[in-house]
Amino acid sequence: MVREARKEDLDALLNLYLFLHEDSVPEHNTHLEKTWNKIIEDPNHHLIVNEIDGQIVSSCVCVIIPNLTRNVRPYAFVENVVTHADHRCKGYAGECLDYARKISEMENCYKIMLLTGSKSPETLRFYEKAGYNSSDKAAFIQWIGMDR
């Protein structure tokens, strides 16, 4: 079942992110709690999860960004697409991306952007199959305060 994350999903998401690029679960502290509340309460921040048999197996984030161009239409940004290793290649992440697209359409977005750090041909084909292309724009990233 694809849905938006609820407040009680924090620990499940933090553990799922170990299959993304994290190497540990962050400490539960005031900063984590404030950040989580900010995400959950922001109407433009959609943390989408796919739950199978009570377990969150896949997720992505879709942020709607207000915009003054394109007839003052917003755009969407998708990030942190992840599926638990035991549940890959079953369509769960694709269902999360479809949900993000529906949100973007309801919000009258003119585009959805997605960045991936993966160079894996399978991952890139997955995004292409989901309707994304890598030929329209070039992405540039500047890392701040970290060695990457």
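Q: Got a minute to help me understand the pattern of salt bridges in this structure?
A: Pairs may arise between side chains of opposite charge once their charged atoms sit close together. Enumeration according to the criterion identifies six salt bridges in this entry. Across the pair R3 and D9 runs a salt bridge, and its minimum N-O distance is 2.7 Å. When sorted by exposure, R3 lands in the same class as D9, which is buried. With a shortest N-O distance of 3.7 Å, E33 and K7 are connected by a salt bridge. With E33 in helix α2 (residues 30-41) and K7 in the loop between β1 (2-4) and α1 (10-16), the pair connects residues that are 26 residues apart, well separated along the chain. With a relative accessible area of 43%, K7 lands in the partly exposed category. A single network of salt bridges, built from pairs that share partners, joins R3, D9 and E51.

Q: Sorry if this is basic, but what is going on with α2 here?
A: For an α-helix, 3.6 residues make a turn, and residues three or four places apart therefore share a direction. Compared with an ideal rise of 1.5 Å per residue, which puts 12 residues at 16 Å, α2 spans 16 Å between its outermost C-alpha atoms and is within 8% of the ideal. The set of residues buried in α2 consists of L32, W36 and N37. Axial view of α2: buried residues confined to an arc of 130 degrees, hence all on one face. Relative to its buried face, α2 has exposed residues pointing more than 90 degrees away, namely T30, H31, K34, K38 and E41. On the buried face of α2, the contacting elements are α1 and β2 (45-52). Where α2 begins, one side-chain oxygen reaches toward the backbone nitrogen of H31, 3.1 Å away; that side chain belongs to N29.

Q: Hey, could you run me through the sheet that holds β2 in this one?
A: Sheet strands pair by backbone hydrogen bonding; their relative direction is either parallel or antiparallel. Read from one edge of the open sheet, five strands run β1-β2-β3-β4-β5, paired in mixed fashion. Since the sheet does not close on itself, it has two edges, and those belong to β1 and β5 (112-114), each with one partner. Mean inter-strand twist for the sheet, computed between neighbouring axes without regard to direction, equals 30 degrees. Sheet topology places β1 next to β2; three bridges connect them, and they run antiparallel. Across the sheet, E4 pairs through a bridge with I48, a residue of β2.

What counts and how
- Residues numbered from 1 in each chain as written.
- Predicted model: local features only at pLDDT ≥ 70, side-chain atom pairs only at ≥ 80, totals over all residues.
- Heavy atoms only, no water.
- Salt bridge = Lys/Arg side-chain N within 4 Å of Asp/Glu carboxyl O.
- Buried < 20%, exposed > 50% of the residue type's maximum accessible area, 1.4 Å probe, protein only.
- Helix = DSSP H or I, 4+ residues; strand = E, 2+ residues; numbered from the N terminus.
- Expected span 1.5 Å × (residues − 1).
- Arc of directions from axis to C-beta.
- Contact = heavy atoms within 4.5 Å.
- Polar contact = N/O pair within 3.5 Å; in protein donor to acceptor, adjacent residues only side chain to side chain.
- Pairing = 2+ DSSP bridges.
- Axes fitted to C-alpha atoms, helices over the stretch in contact; angles between N-to-C directions.

So far we have only geometry, and geometry alone does not tell us how the molecule works.
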